[in-house]
Amino acid sequence: MRTTTAVHDEASAAAQRQRELRHESELTVSMALGAQVLAYGALYILPAASTAAWWAVLLLLLPTALMRLLAWLIRRTAPADAPRGWPYRAAALGMAVLFLSNMAVCLLTLTELTHVFFFPDASRFWLSLSAALALGLGMPKSPTAAPNTARFLYWFLLAAFAFCIFTVVPSAETGYLFPLAGYGIAPTLRCALMGSGSVWMAGAMAVLSPGQKPASPLRAALPGMAAVSLPAMLFFGCAWVLPGTKLTFEQGYALRLQLLMEMSPNVLSWSLMLMAEMLLFLAGFTVCADLMRKSLQAALARPHVPLLPFALACVPLAVMGMGRAEKPLTALLPWRYPAALALMLTCLAGNLIIRKKGKGK
């Protein structure tokens, strides 16, 4: 006699694997999202908003929530053969381009930090080329490679940030937090609006894996919300221990990132924060490359897509350096959000049209 229990039921096991895959995907995307928020925060928000940079980043929770809600609607209305439809394939192709921009920003930031803090006499070309070749040739084809990296870094980043908070609190000065609105409410809102281009990928997995059943909107949004809140807390700590004049200085992108490490006079805290930042951008480069590959696989219906040509395409921007690329990036990166929004709305419109035709028959 045989009995079938929930433990051995194939449908239950498949549903559990799907939930685990969805959780890993959201965690992976949140790591890349946090790297983009931190990069654009140091590039534009911190010098432009001064003491209000932390709540300018917090305001990014609103566009993140909008993307998450849209992703939930797309998954809820997706037909069974959604990945084969032209709206999804076109959206995946567009998102591949957006993920390539993420890769370029992460490699540029990683090159800046490595050049300034470790090899100031080395050539930017060889530093960036080494990282691109390592990714293009060494990235495993396994779909679990990037999620496993994100899972490890998740705990390391939290531990480094917790230690930084522990060492920062004794040197804090509440007077440095004022004025709370920085240069004013309007400039702070403008910083948040321009920073929305960093959170465009919050709903990307709804296009890349539409077959997964939608989870509750709040639970699915938690990793992305945490990824936005962590840089906001970093900027809050920065404003808590440094006067506004140091937050707005124009001494270079890498030195503005260094402010986040100088919050604490503790040498170990500084080292942990530097390691955490470099690992975050290295993980962001890897994760966005993996997501770009998945986007191209979905768009072109091909099982294998090489990463090396796309990794090498990011090298020229890294060689250019943030000093020359700062103004173009500040102007172009915010447009990623409306572009991703248009791609996702195309998928949602296609789903609704298919459902309406199905009910009409």
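About the thresholds
Residues numbered from 1 in each chain as written. Predicted model: local features only at pLDDT ≥ 70, side-chain atom pairs only at ≥ 80, totals over all residues. Heavy atoms only, no water. Helix = DSSP H or I, 4+ residues; strand = E, 2+ residues; numbered from the N terminus. Buried < 20%, exposed > 50% of the residue type's maximum accessible area, 1.4 Å probe, protein only. Contact = heavy atoms within 4.5 Å. Patch = residues over 30% accessible without salt bridge, like charges linked within 9 Å, V, L, I, M, F, W, Y side chains within 5 Å. Areas by Shrake-Rupley, 256 points an atom, 1.4 Å probe, with all protein chains shown as cover. Salt bridge = Lys/Arg side-chain N within 4 Å of Asp/Glu carboxyl O. Axes fitted to C-alpha atoms, helices over the stretch in contact; angles between N-to-C directions. Parallel < 35°, antiparallel > 145°, perpendicular 65-115°, else oblique. Left-handed = near helix turned anticlockwise from the far one by under 90°.

(A) Quick peek at the environment of Pro 231. Take Pro 231: it is sitting in helix H9 (residues 217-241). Judged by relative accessible area, Pro 231 falls into the buried class, the value being 4%. Residues Pro 231 and Val 37, 194 residues apart in the sequence, show an inter-C-alpha distance of 7.0 Å. Not counting chain neighbours up to four residues away, the residues in contact with Pro 231 comprise Gly 34, Val 37, Leu 38 and Val 57.

(B) Summary view of a nonpolar patch on the surface. Taken together, the side chains of Phe 125, Trp 126 and Val 319 make up a nonpolar region of the molecular surface, amounting to roughly 300 Å² of accessible area. Mapping Trp 126 onto the fold places it in helix H5 (residues 124-138).

(C) Representation of unusual backbone geometry within the structure. With an omega dihedral of 0°, the bond running from Phe 178 to Pro 179 counts as a cis peptide bond. Of note, Pro 179 is situated in the loop between helix H6 (145-168) and helix H7 (185-195). At Ser 50, a position not held by glycine, the phi torsion is positive, near 60°. Its place among the elements puts Ser 50 in the loop between helix H1 (10-49) and helix H2 (53-58). Even without a glycine there, the phi angle at Ala 301 is positive, about 55°. A relative accessible area of 56% places Ala 301 in the exposed class.

(D) Spatial organisation of the packing of helix H4 (residues 86-117) against helix H12 (residues 267-300). Taken N-terminus to C-terminus, the directions of H4 and H12 make an angle of 155°; their axes are 8 Å apart at the nearest point. In terms of axis orientation, H4 runs roughly antiparallel to H12. Regarding H4 and H12, the two cross each other, and that crossing is left-handed.

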